[in-house]
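This is what each chain is made of:
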Amino acid sequence: MNDYTEAEVQRALAEDLGIAEQGISVVRAGAGLVLCGEVESPHRRDEIVRLVHERFPGIEITADIGVTRAAAPTEAEELA
Amino acid sequence: MIRIAAVGDVHIDRDVLGRFRPALEELPDRADVLLLAGDLTRHGTEAEAKCVATEFGGLGVPVIAVLGNHDHHCDEVPGVLAALTDAGITVLEGDSIVVDVDGTRLGVAGVKGFGGGFAGRCASEFGEPEMKAFVRTTGTVAERLGAALRDLDCDVRVALTHYAPVPDTLAGEPLEIYPFLGSYLLGQAIDSAPTDLAVHGHAHHGSERGRTPGGVRVRNVAHPVIKQAYSVFNLAREHVSPSAASGI
C-alpha cells in the first residue's frame, strides 16, 4: 500500500461496472484499509470486499459496510 | 393535506428486486404520490431500469422521477426512459406535471441537475472549454428548472432534483466534494418561484433537512440518508410559500 492506494480503491469501486458504488469511504488505518458506507444488498457488500482483495492483494481490509434498511416509515413529517 | 412520499438513490438491480415492495404496498395508505430523486439504477442499463419498473410500477399512486448520474453511466438513457415510462412512471427533465389530489393541484417540476458548488465557493464559467462546459451545463438545467417551476399552474409546488440545491443537506459529506454534489444555481431556480418543497438525493452521507436562502424547505431523500423505503411529507393545502414574491 502506498499514498495513492486509497484513491485507487475509491476509483475502482466507482468505475468497476460490477460495483458502481460512489458512497463507500476508503480510510487508511495502520497497514490496512477500512471501507465504510451502506449498500443495497449483502451481495454488493461481498462483491466490494472480493474486488478489493483481488485488485489489491496483501492489503488488510476491514469492511464496515451496512445494508440500508428498506422498511416502511413509522411516521410522516408535517410541513405546515 | 397532500402527502408526498419520496426516496432517491435506490440503485436497483436484480439483487435488490422485492426489497422495497412490502413497504411500497403500504404506500397508497400513507401518501398520494411517490417522487423518485434519481439514481434509480445501479449504472444505467435498460435491464436495470426494467427492474426499477417492476419494483416501483403499479403502485396505485402516481410515480414521478428524475434520473441521476448513475442512470446515465452506460449511455442507455433512451432505453432507461422507455422502461420507466412503459411502467407508468413519469420522468421529468426540465418539465413538469400537475397531479390532482382530491381537488388540490400538486405541481412537480424536475431536472437531474448537476454540480458546480455553492455561493462563494463555486466554479465559474471561465478558462478551459471543459470547465466552461461543466458550469454551463448546470446553468442551463437550472434555468430549465426555474422556468418549469414558474410556469406551473397549481396549488402546491414541488421541485424534484437529483443533485442538491443547497449545502445544508450535504452536512456529513467531505467539503472537498461539495462541487460534485450540487449547485447554488438549482437553489436560485427554486427560489425564483413560490416553491413549497424541494426534494433531492445524490449525497449518501449528507443529512435530511435544509432551506434555500429564500426559505424553501429542502429534503435530502437519498436512501442511505433516510434509512427507510421512503419518507413522507405532509403539506397543508393552504400552504403559503415563504419564498413567494421574495424577488430572489
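Parameters at a glance
Residues numbered from 1 in each chain as written. Chains lettered and ligands numbered in written order. Predicted model: local features only at pLDDT ≥ 70, side-chain atom pairs only at ≥ 80, totals over all residues. Heavy atoms only, no water. Contact = heavy atoms within 4.5 Å. Buried area = accessible area lost by both parts, 1.4 Å probe. Salt bridge = Lys/Arg side-chain N within 4 Å of Asp/Glu carboxyl O. Polar contact = N/O pair within 3.5 Å; in protein donor to acceptor, adjacent residues only side chain to side chain. Helix = DSSP H or I, 4+ residues; strand = E, 2+ residues; numbered from the N terminus. Pairing = 2+ DSSP bridges. Buried < 20%, exposed > 50% of the residue type's maximum accessible area, 1.4 Å probe, protein only. UniProt positions renumbered as here; feature names shortened; annotations may be inferred. Phe/Tyr/Trp six-rings, centres within 6.5 Å; stacked < 30°, edge-to-face > 60°. Expected span 1.5 Å × (residues − 1). Arc of directions from axis to C-beta. Axes fitted to C-alpha atoms, helices over the stretch in contact; angles between N-to-C directions. Parallel < 35°, antiparallel > 145°, perpendicular 65-115°, else oblique. Left-handed = near helix turned anticlockwise from the far one by under 90°. Nonpolar A, V, L, I, M, F, W, Y, C, P; charged D, E, K, R; others polar.

**Here's the deal with the interface of chain B and chain A**
You'll often see interface size given as the accessible area lost when the parts meet. Residue-level contacts link 37 residues of chain B with 26 residues of chain A. Buried surface at the junction of chain B and chain A, summed over both partners, amounts to about 2,700 Å²; 46% is from carbon and sulfur atoms. It is Arg19(B), Arg42(B) and Lys227(B) in chain B that bury the most area against chain A; as a group they hold 23% of the surface buried on that side. Joining chain B to chain A, the criterion identifies five salt bridges. Linking chain B with chain A are 21 residue pairs in polar contact (both at pLDDT 80 or more). When residues of the side of chain B that touches chain A are traced back to their parent elements, those giving at least two are strand E10 (217–220), helix H7 (223–226) and strand E11 (231–235) of chain B. Examining the composition of the side of chain B that touches chain A, we find that four residues originate from one element, E11(B), more than from any other. Where strand E4 (residues 77–79) of chain A lies against E11(B), three bridges are found, and the strand directions are parallel. By the bridge assignment for E11(B), Glu78(A) is matched with Asn234(B).

**Focus: unusual backbone geometry**
Residues and elements named next belong to chain B. Residue His-11 is not a glycine yet carries a positive backbone phi of 45°. On the accessibility criterion, His-11 (6% relative accessible area) is buried. Positive phi, normally seen in glycine, also occurs at Asp-75, with a value near 55°. The residue Asp-75 is located in the loop between strand E3 (63–66) and helix H4 (77–86) in this model.

**Section: the UniProt feature "domain: Calcineurin-like phosphoesterase" (unreviewed entry) in chain B**
UniProt's feature table lists "domain: Calcineurin-like phosphoesterase" (unreviewed entry) at residues 2–204 of chain B, given in the numbering used throughout. Between the first and last C-alpha atoms of residues 2–204 of chain B the distance is 27 Å; the span itself is 30% helix and 21% strand.

**Observations regarding the environment of Leu181(B)**
In this fold, Leu181(B) is placed in the loop between strand E7 (156–161) and helix H6 (184–191). For the pair formed by Leu181(B) and Phe118(B), sequence separation is 63 residues and the distance between their alpha carbons is 9.7 Å.

**What to know about the packing of aromatic side chains**
For any two aromatic rings, the description comes down to two numbers: the centre-to-centre distance and the angle of the planes. Residues and elements named next belong to chain B. Enumeration over the complete set of coordinates arrives at four aromatic pairs over all chains. Measuring from centroid to centroid gives 5.1 Å for Phe-114 and Phe-134, while their planes differ by 70°, and the two rings are edge-to-face. Linking Phe-114 in the loop between strand E6 (104–111) and helix H5 (129–151) with Phe-134 in helix H5, this pair joins segments that are 20 residues apart in sequence. Between Phe-118 and Tyr-178, the aromatic rings sit 6.5 Å apart at their centres with planes inclined by 85°, giving edge-to-face as the arrangement. You can see Phe-118 sitting in the loop between E6 and H5 and its partner Tyr-178 sitting in the loop between E7 and H6, a full 60 residues away along the chain. The exposure class assigned to Tyr-178 is buried, which follows from its relative accessible area of 15%. Ring pairs connect the aromatic residues Phe-114, Phe-134 and Tyr-163, which therefore count as one cluster.

**Quick look at the pairing of E11(B)**
Residue and element names in this part refer to chain B. For E11, a buried count of five out of five residues is recorded, marking the element as mostly surrounded by other parts of the structure. Alternating residues of E11 divide into Ser-231, Phe-233 and Leu-235 and Val-232 and Asn-234, and every residue in both groups is buried. Across five bridges, strand E1 (residues 2–7) lies against E11 in antiparallel orientation. Bridging across to E11, Ile-2 finds its partner in Leu-235.

**Quick word on helix H2 (residues 42–55) of chain A**
All names here are of chain A. In this model, H2 (14 residues) spans 20 Å end to end at C-alpha, consistent with the 20 Å of a helix rising 1.5 Å per residue. Burial in H2 covers these residues: Arg-44, Glu-47, Ile-48, Leu-51 and Val-52. Each buried residue of H2 lies within a common arc of 125° when the element is viewed along its axis, so the set occupies one face. Those residues of H2 that are buried are in contact with helix H1 (5–15), strand E2 (32–39) and strand E3 (60–67).

**Some points on the packing of H5(B) against H6(B)**
Residues and elements named next belong to chain B. Contact geometry for H5 and H6: axes closest at 8 Å, N-to-C directions at 15°. Between H5 and H6, the crossing angle belongs to the class labelled roughly parallel. Seen along the crossing, H5 lies across H6 with a hand that is right-handed. For the pair H5 and H6, contact is made by Thr-138, Gly-139, Ala-142, Leu-145, Gly-146 and Leu-149 and by Leu-185, Leu-186, Ala-189 and Ile-190, respectively. Tallied by class, the residues present in the contact of H5 with H6 amount to seven nonpolar, three polar and no charged.

**Examining the sheet that holds E3(B)**
On the basis of which strands lie adjacent, the open sheet formed by six strands has the order E4(A)-E11(B)-E1(B)-E2(B)-E3(B)-E4(B) and mixed pairing. In this open sheet, the two edge strands, each paired with only one partner strand, are E4 of chain A together with strand E4 (90–91) of chain B. The sheet contact formed by E3(B) and E4(B) spans two bridges and is parallel. Within E4(B), the residue paired with Ala65(B) across the bridge is Val91(B).

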